[in-house]
Structure formats: structure tokens, C-alpha cells
Amino acid sequence: MNHKRTFFIISFLLAVGVSNAFSQKAAQVRIEWKDGTSVSGAVHLQHGTLTKIGLSAGKGKVKGNTFQFTSPGPASVQIGIDSVGNQYGTGGTVVSIKTAKNPFSFFLRDVSSGSPIFLPDYGVAVLNVTDKRSYQDVETEILSRKLRTKIQRIETENEVSFSSVEKTVRNMTVPTWLGTSRDFRIFEISESLSDGARGEANIISPKLSSTPLRIPETKNETVNYLYTFGRGVGVKENIKRRLEQGTLPILNSTLTDDDVVYNSTTFVSLEKSPISGQKGTDFMVADKYSGGHMFTKEQEELLKTRTEKALNPDEETVLLFRSEVENTGSVPRYAWFKTPRPGTGWWHKSPYSFDEKTGFSAYSEDRVFCISKLNGKPLPNEEISVLLKPGEKVLFEFFIPHSPVSRTRAVQLAAQNFDHRYAESKDFWLAKLGKAAQIHVPEKRIEEMIQAGLLHLDLITFGNEPNATLAPNIGVYSPIGTESAPIIQFYASMGWNDIAKRSLDYFLDKQHEDGFIQNFGGYMVETGAALWSMGEYFRYTNDKEWVGSVKTKLIKSCDFLIAWRNRNKKEELRGRGYGMIEGKVADPEDHFHQFMLNGYAYLGMSRIAEMLASIDPSQSERIKKEAEAWKRDIRESFFNSMALSPVVPLGDGTWCPTAPPWTEASGLRGMFQKRETFWSHGTFTAPDAMLGPMYLVFCEVLEPDEPASKMLLDYHSELFYQENSAFSQPYYSRHNWMQAKLGMTKPFLSTYYNTFAALADRDTYTFWEHLYKVSPHKTHEEAWFLMETRWMLYFEEGQTLKLFNTMPRKWLGQGKKVELNNVRSYFGPVTADVISQVDKGYITAKVSCTDVRKPKEVLIRIPHPDNKKPLKVTGGVYDEKTETVSVKSFTGQAEIRLEY
């Protein structure tokens, strides 16, 4: 072997910096600018030593680690680096080019000839010293590849729809929660489905909010009841489920067991009273039985006086079940039933008895847990088969009180009429929908999900009726300032102002003495987020009377945030968290100066300044000034962090600047510049994608159309999204709000359909929290879906109301209609519709918004289903690029007609 030749080759490779496989002692790279006019700056290194800096193109000067160009045109800086770390993981050399404009950083190990670091927005490229190409050469070569980013590919494809994704994304069923709303005594139904956790039989689980019911008879273990019908679990998935009318919290299912068909209905009512007379549960007691709750010592003392009453109600909630079974065959067939018994499997042997004379199942003489009937009479045996003639039907029923009742009460409960309670329950839920705004779209699934979603939120918004504070729970968890926000805001969007206000009172009632708002799991972000929701409520309602009544508490929370911020006005934090608060925003114990935390704090303060403007102008001005100063400090730290965070490659061959989730980090957490382990919740991407700097756009610290916001969206979509949807808990990512704001219809619809199709039960429309089937009936996720639907159909931008901005093009096929009836907005109630008669050559639209707060301009997007452009437009000015009609100087009413 020629050792001298081998040594020469290795030395050459080390000098030019082309090896990524091992650490190098030295390397040289070249920074090429398209135009060096006014370019000046300094070179800084992490994990490396600067040995050389010189100008290789353009005129200028170099001093120490600084450089300055004095001539226009192409310019280049060549730098030499020693003690190089090109290994993956920690210790990799990062080069920062700190120019006054467009500073950036990169991993030295990422520099290569095949994929040069090319930043067209900055007009700069980074090359190996042996790569003699100019910036223009690199640009020409990259563009010649004709590559696309993921977003660019979406823009060239057909619009995504449910039918286009339903077979490619996860299809997950979710346990069904049933209750009466306001009352924390609910029932969870887990049916015998192939992807269910309990596939042997159907399981009914009574719960107090999310806490399993426990009673002495089960040795204080979780109470569950097993029941089944049909011959058993076979090779076919033969159960279909559907909500009553597609929307109501009444579960219908059909089991087709060959010729024998079981049509079943399940719902919850009250033991004695009409369901409309239900009183609900004290919000703090419900909170106590919800996951993650937090109380001050004073609140814990208050709970002692409230809990006993809630746990010993005058009457129980009751689950009612009926299965109408029919033999659809030509010969006699058997039907099988097993009425509920304690446990979740055949092997459970909890002591109980069944009385064939009454159909009562009981733990003891005076502890009846189920009443069962066959054709209206007591069920003669807890397991039974019935021979049905062709066309013959049989009715199997059972009633389960939430907690066992006495035999006397069981006799009274047995006398209840299923049909009466069923009709009463339907009327109850329909009356709730009747009090809400109406949204009609020509996609049945979406229209049903809007209505079902509103009732799903309402089902677990707990509190006493008719006027007390409500706890807007988020599935199994207590309310959280961030996660309850879309719930409350959708209530306000649908005109349920009273429910929204009473839900906001939860955060004010539980406010700490110093103004801090914290209700869940040590989260530090709730104060700002809750204040933001209060500001949104005010924008919808202009409810100055309420603002006046809670003014003292609003100011107290603002002062708490200001004091917290002041404690972080330290010179050593300048540009790296100065004037920014620190703490965790979600489950991970990341107590840093997080951008999400500070974005919500600024947003909340900004909204409170609005609310107080006409109530207390001096306080409003004080808080507004503080909020604006906070915003400036956040922006300073953000742009400084962005300059230090290494760039990443995009799908079109370009590279993009990035930003960390908090100011203490040197770059994306997923790049592992720090030796740590942080994988959680089924993904590596949570800190960067779901809790990261994208929130600065959503929280109005960054404008959606400024370059930094575009960069955030660009690298998020490449690194952190699958089918334009985030991983694990996708509704924590705020990119679809930005896509809606920017009118990015195809990317918006890609996110919209891929996400809900994977996360929601396609039959009952209930959502999981995570894509790995954790936490059912997660109303935070469902509420963001509902708010995304709202943004699709209408949203506000300054003094402009935008209608139908990102709705699917196919919704305007021949004869189709999209209608908003009395939805609420910042401008007051809005009624609008668009009707397609494209076969006759026209589409018409109308909008009415007559409130004194009405918008100055209305923009209505009217996309032709076949991408045609109108020949004539009346009623406004048409923009061909955006397919929108602008109605300026809006008077409160407008009619538009597009002719093709």
C-alpha cells in the first residue's frame, strides 16, 4: 500500500471539506452573494475556530472576523475553519454569517457540491472552496432541475377531498360518549369493533367527567358493564354506526348477522325528570373529576362544601338501550342477547344476581344496576335466544342508572317508556341546534360534523343551569386556556354567546389572587390564552357590560404578566429572551423563553387593551403600550434566533432559514445540537412543529405575509408534516390558519381533509386527541376542526369580511348551495349564500351584515367548478387571480351575479 499517496488523499479531502463521515481538522468554504451592495457583517462559529477570512469576489475590506463590500455586483467571502466537527449529533460546526440584513447560519457538514446551500430569498449560496460556480451558476443549475416543494406540488394537483384521502389515511373508530350536557355523569360506549381496544363485546363505562365510577361492590375498581347481541365476533366487520339524524348525541347501530338484523339505539336521559329540566353539575366538582386539574388551597376548601351534594343527586342519569331485531330471511332464524353484567370479559366474576321475574340485575337487594326487557316484559334470562319467523321482530331493551338504585326506584324506572324518552331526547338536542346559527354546505359529512361537533362540545361543558359558570372541558381533561379556546370561540361563532361567556367565567372564577390563570398540568401559557379568548368574545359581542363587570380581574391578569415580563428584563437576555416570560406550554417540561408562551401573552394583552378602550381608556393605553413593547422584544429575539438557527433543505433544491421553539436553543430541536432526549407523544416533531415559532404568526407577532412567516411555513411543510398535516396531535399546529389567511386553498384543503379523516371517527364524528388512539371525545381537536371550517367559510381581516375563501371548488357544482345563516363575526351577525346554476351559465351570491359594526369591504370568493372565468360580473369588482368579487363601501347588503 502506498502510504504517502493515501495520506495525500485524506489531507486533500479534509482541506476542501467534502467529508461528512468523520470530524475534520480543517475546512474551507465560500459564501457567494448575488449582489454585494451594502453587504457587511461578521463570521461566528460554534464548535470550530476561524483561521481565515478573505474576499474572493467583489471589492471591500476584511478586519478580524468582519467583512464589508464596497462595490455592487457578485461578491464572495472565503473562510477557513480549524477544529471542525462534521459528525452528526452534538458538536457539529455551525457557521453564522451575521450580516445586517438577512443573517443566517448553516451546518458546515451540510455544505456539498451536489446540494449547495442556496438561499434565493437572501440572494446567497454556500459552496465548497473547490466549487468554482458563481451564485448565478448555482441558481441556473438548481432551477433547471424543476423540483418542487411539498406545498408547490399540492398547488399543481387536484383539490384534496374526503373521497381522495379516505383510503390512504388512518381510519380509527372512537368510543362514544353520551350524556345530558352540563351533568358530569356520562357513559362511554365501546363497541365490539375490529380496531377497538375491547373487541370481545360491547362495554358501557359510567364516568364522572373522565373519572371512572367506582363503587364498593366492585371493590372500588372501575365500573364497567359488558353486553352483546348476535352470535359473536366473526370474520366480518358487520356493525355500522351512526348518530341520530347524523348529528345528535344518540347512538344508532346496525348489526347484520346474516339474515338477522339488529337495529339499536342508545342515549342518556334522566331517571325521573324531563331531560330539559336537568340541573347540571357544579363546575368545580366536574373539574375535580377531570384529568390534569389544579386548585389553589382556597379552591380546595370551597370544593369540600360542594362535592357531597354533587355526588348524592336527587336522581340518576340513565342510559337507555333498545335493539329492534328482525329476521330478514326466508326461514326461521335465531336472535341472541346478553344483557349487561359487571366486567369487561367473560372471565370477570363480580358478584351480582339476575331476577328473571323483574329483569333486574343487582349487586344486592337494594343495589339494582340494570333493568332488562324483552318485548316490553321482564327479560326471562340474562342470556337468551329467540327464534324469529321470516319478517318477525323482537324488542330487547335495558336501562342502566349511572349508579345503582334501590329496588323501589328500579320499579319506577322500569315503568318508563323508551319511545317517550327517545322523542324527548331528540327534541332536547334539536332545540339546542335551533338556537345556533345555521351552516349548510353541499357535503353531507361536513354539514353533519358541524352540527354534531357543536353538540359534542356542549355535551362535556359542565356546570349548573341556568346561569352558573361552565367548565369547557376538553375530552378527558379539565379546561385549559389554550385548548378550550377554540371551543369557546366556536360557541361565539354560532351565536351561543351565553355559553361562551359562562365558559370564560371559569377562567376568571379560578384566577389566582395574583392574577395568574393556571388550571391544568402545570401549564404556564393559560393566562395569555384565556385573555385572548375573552378578547375574541368581546369582538363577537361588543359586550361592554360584561367587560365592566370583570375589568378588575382582567387588569389583575395583565399586571401579573407585566410583572413576570419585568423579571426577565435582564441585559444578559438581550436578543435571547429579554422581556420574555419563561415556562412550559404543554406536557413536556420545557421551562424556557418559548415563543408560543410569549405569543399568547402578547395576544391576550393586546385584546384586553381593545376591551378596555371605551371602558377605561387610561388602563387600555397603558396595557397597549406594554403589549407593543412586548411584541418588539419578541420579534428581536425571534429574528436573532432565526439568524443563529441552521438552514435546512427544501424539496425544490433551495434551502430555508429556521427558528427554534425558544430563545435558549441554537436551532431546531430536531437537529440535536444539544445532547438530549425529548421524543414524546409519538413524534420527534412536537417542540418545533406543534409548540414552536409558528405561533408567532397565529398570535399576531408576525404578519402572515411577511417573509419570515413564509419561511416558517416552507420548512414546517417540508420537515414536519405528512400530507400537509402535523404528526401525533395535528391540531396543535397553526399552519392551516396561516394557509387560510393567505388564501392558499389547495394546501388548506389538504390539511383540512387529511387531518380530520385520520383523527375522527367516520361514523360518529368524535375525535381522538392523538393519531395513536389516545384520549377519546377530544373536543379541543374537534373544535379546531370546527374553527377551520369557519375560516374556510368566513373570516375577518381588518375592516374586510372574507367569504368562502378556501372552500372546495366542487361545492359549486350545478345546483349546489352554500349558506351561512346568522353566523357571528367581528362585524355582527352575517347571513350569506352562494348558489350555482353553472349549467344555465351563472352563479349568484348574496350577503347581509347590517350591524353598526359592519365591514367596509366584503370579499366573496366564487370559484367555478371547472375553473372557468366569468364573462360578466355584476355587484362588485372581480379579481381573476383570486376568483373573488370585491364589494367596497359595503352598505350592509349585496347581491352578486357571475355569468359564464
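Note: the structure precedes this text.
Along each chain, residue indices are assigned from 1 in the same order as the chain's sequence is written. It should be noted that, the model being predicted, local features are given only for residues of pLDDT at least 70 and side-chain atom pairs only at 80 or more, the latter also being counted only at that level, while totals for whole chains, interfaces and linings use all residues. For the side-chain quantities, the full set of heavy atoms in the structure was used; hydrogens and water were omitted.

Concerning the sheet that holds strand S6 (residues 75-82)
No. 1: Taken in spatial order, the five strands line up as S3-S6-S1-S10-S9 in an open sheet, and their pairing is antiparallel. Pairing within the sheet leaves two strands with one partner each, and these edge strands are strand S3 (49-57) and strand S9 (117-119). Pairs of neighbouring strands in the sheet enclose a mean axial angle of 20 degrees, with direction left out of account.
No. 2: Bridge count between S3 and S6: seven bridges; the pairing is antiparallel. What sits directly across from Lys52, in S6, is Gly80.
No. 3: For this analysis, residues touch if any pair of their heavy atoms sits within 4.5 Å. Whenever a helix is involved, its axis is fitted only over the stretch in contact; in every case the axis is a line through C-alpha atoms, and angles between N-to-C directions fall within 0 to 180 degrees. By the criteria applied, helices consist of DSSP H or I runs no shorter than four residues and strands consist of E runs no shorter than two, each listed in order from the N terminus. Contacts between helix H2 (residues 135-144) and the sheet are confined to strand S1 (26-33), S9 and strand S10 (124-128), with S9 contributing the most and set at about 90 degrees to the helix. When DSSP locates at least two bridges between a pair of strands, those strands are taken to pair.

Topic: the layout of surface pockets
The probe, sized like a water molecule, is rolled over the atoms to show the empty space still left.
No. 1: Cavity and pocket criteria rest on a 1 Å grid covering protein atoms alone: a 1.4 Å probe that fits but cannot get out defines a cavity, protein on both sides within 12 Å along at least 5 of 7 lines defines an open pocket, and an atom within 4 Å of a point defines a lining residue. Grid points are joined across faces, edges and corners, and a volume is the space filled by probe spheres set on the points. For the largest pocket, the calculated volume is near 860 Å³.
No. 2: In terms of lining residues, the largest pocket is bounded by 34 residues, among which Arg539, Glu700, Lys741, Glu796 and Tyr826 are the most central.
No. 3: Among the secondary structure elements, those contributing two or more residues to the lining of the largest pocket are helix H12 (526-541), helix H14 (595-612), helix H17 (695-698), helix H19 (735-741), helix H21 (779-793) and strand S34 (794-797).
No. 4: Ranked by residues supplied to the lining of the largest pocket, first place goes to H12 with five residues.
No. 5: When residue character is reported, Ala, Val, Leu, Ile, Met, Phe, Trp, Tyr, Cys and Pro are called nonpolar, Asp, Glu, Lys and Arg charged, and the others, Gly included, polar. Classifying every residue of the lining of the largest pocket gives 17 nonpolar, four polar and 13 charged.

Observations regarding the packing of aromatic side chains
No. 1: Each Phe, Tyr or Trp ring, with Trp reduced to its six-membered ring, pairs with another whose centre is within 6.5 Å; inter-plane angles below 30 degrees give stacked pairs, above 60 give edge-to-face pairs, and intermediate values give tilted ones. Scanning the entire structure with this criterion turns up 58 aromatic pairs.
No. 2: Cluster of aromatic residues (ring-pair linked, three or more members): Phe162, Tyr731, Phe748, Tyr752, Tyr753, Phe756, Phe767 and Phe785.
No. 3: Geometrically, a lysine NZ or arginine CZ counts as sitting over a ring once it is within 6 Å of the ring centre and also within 35 degrees of the ring normal. Of note, Arg445 hangs over the ring of Phe162, and the distance from its end group to the ring centre comes to 4.1 Å.
No. 4: The aromatic ring of Tyr578 is capped on one face by Arg574, whose charged end is 3.7 Å from the ring centroid.

Notes on a nonpolar patch on the surface
No. 1: Together, Tyr334, Trp336 and Leu387 make up a nonpolar patch on the protein surface, roughly 300 Å² of accessible area in all.
No. 2: The topology assignment puts Leu387 in strand S25 (residues 383-388).
No. 3: Think of it in three bands: with a 1.4 Å probe and only protein chains considered, a residue is buried below 20% of the maximum accessible area for its type, exposed above 50%, and partly exposed in between. We classify Leu387 as partly exposed; its relative accessible area is 43%. A residue counts toward a patch only above 30% relative accessible area and without a salt bridge, and it is joined to like-charged neighbours within 9 Å or, for Val, Leu, Ile, Met, Phe, Trp and Tyr, to nonpolar neighbours within 5 Å. The Shrake-Rupley method, run with a 1.4 Å probe sphere, supplies the accessible areas, and residue values consider only the shown protein chains as cover. Here a salt bridge means any side-chain nitrogen of Lys or Arg lying within 4 Å of a carboxyl oxygen belonging to Asp or Glu.

Considerations on helix H7 (residues 407-414)
No. 1: Of all the positions in H7, only Ala410, Leu413 and Ala414 are classed as buried. Buried residues of H7, seen end-on, are gathered within an arc of 100 degrees and therefore sit on one face of the element.
No. 2: The elements touched by buried residues of H7 are strand S19 (317-327), strand S22 (360-364), strand S23 (367-374) and strand S26 (393-401). In this description, one arc is meant: the one made by directions from the helix axis to the C-beta atoms.

So, the packing of helix H10 (residues 485-493) against helix H11 (residues 497-509)
No. 1: Relative orientation of the contacting elements H10 and H11 amounts to 155 degrees, with a least axis distance of 7 Å. With respect to their mutual orientation, H10 and H11 come out roughly antiparallel. Crossing angle aside, the handedness with which H10 passes H11 is left-handed. Where H10 approaches H11, its residues Ile488, Tyr491 and Ala492 are matched on the opposing element by Asn497, Ile499, Ala500, Ser503, Leu504 and Phe507.
No. 2: Among the residues making up the contact of H10 with H11, the classes are represented as seven nonpolar, two polar and no charged. For classification purposes, an angle smaller than 35 degrees is called roughly parallel, one larger than 145 roughly antiparallel, one from 65 to 115 roughly perpendicular, and anything else oblique. It is the rotation of the near helix from the far one that decides the hand of a crossing: anticlockwise by less than a right angle makes it left-handed, clockwise makes it right-handed.

Thoughts on the pairing of S22
No. 1: Among the five residues of S22, four are classified as buried, and the element is accordingly described as predominantly covered.
No. 2: Linking strand S21 (residues 353-355) back to S22 in an antiparallel pair, the connection comprises four residues, with Gly359 at a positive phi of about 75 degrees.
No. 3: Sheet topology places S22 next to S23; four bridges connect them, and they run antiparallel. Paired with Ala362 across the two strands is Val368, which belongs to S23.
No. 4: What sits between the antiparallel neighbours S22 and S23 is a turn of two residues.

Looking at the nonpolar core
No. 1: To qualify as a nonpolar core, a set must consist of buried Ala, Val, Leu, Ile, Met, Phe, Trp, Tyr and Cys residues joined through side-chain atoms within 4.5 Å. Formed by 246 residues in total, the largest nonpolar core has its most connected members in Phe106 and Phe337.
No. 2: In terms of residues, this core owes the most to one element, H14, which gives 12 residues.
No. 3: The contacts of Phe337, once residues within four sequence positions are left out, are Thr228, Phe229, Tyr262, Val325, Leu374, Glu382, Glu383, Ile384, Val386, Val394 and Phe396.
No. 4: The next biggest cluster of nonpolar side chains, apart from the first, holds 15 residues, and it includes Phe360, Ala362, Phe399 and Val405.

What to know about the side chain of Arg790
No. 1: Locating Arg790 in the fold gives a position in helix H21.
No. 2: By relative accessible area, Arg790 is classed as buried at 4%.
No. 3: The residues touching Arg790, leaving out its near neighbours within four places in the chain, are Ser493, Tyr540, Phe795, Glu796, Arg824 and Ser825.

Structural notes on the sheet that holds S34
No. 1: What the five strands build is an open sheet, ordered S34-S35-S39-S42-S41; its pairing is mixed. The strands lining the two open edges of the sheet, one partner per strand, are S34 and strand S41 (877-879). Taking each pair of neighbouring strands and ignoring which way they run, the sheet shows an average axis angle of 20 degrees.
No. 2: Inspection of the sheet shows strand S39 (residues 857-861) paired to strand S42 (residues 884-888) by five bridges, in the antiparallel sense. Counterpart to Arg861 in the pairing with S42 is Thr884.
No. 3: Where H21 meets the sheet, it contacts S34 and strand S35 (800-803), and its direction lies at approximately 70 degrees from that of S34.

Regarding empty space enclosed by the protein
No. 1: Applying the stated rule across the entire model yields five cavities of 30 Å³ or more.
No. 2: Approximately 60 Å³ is the volume attributed to the largest cavity.
No. 3: At the level of elements, strand S27 (438-440) and helix H9 (444-459) are the ones that each hand at least two residues to the lining of the largest cavity.
No. 4: Here the residues of the lining of the largest cavity sort into seven nonpolar, three polar and no charged.

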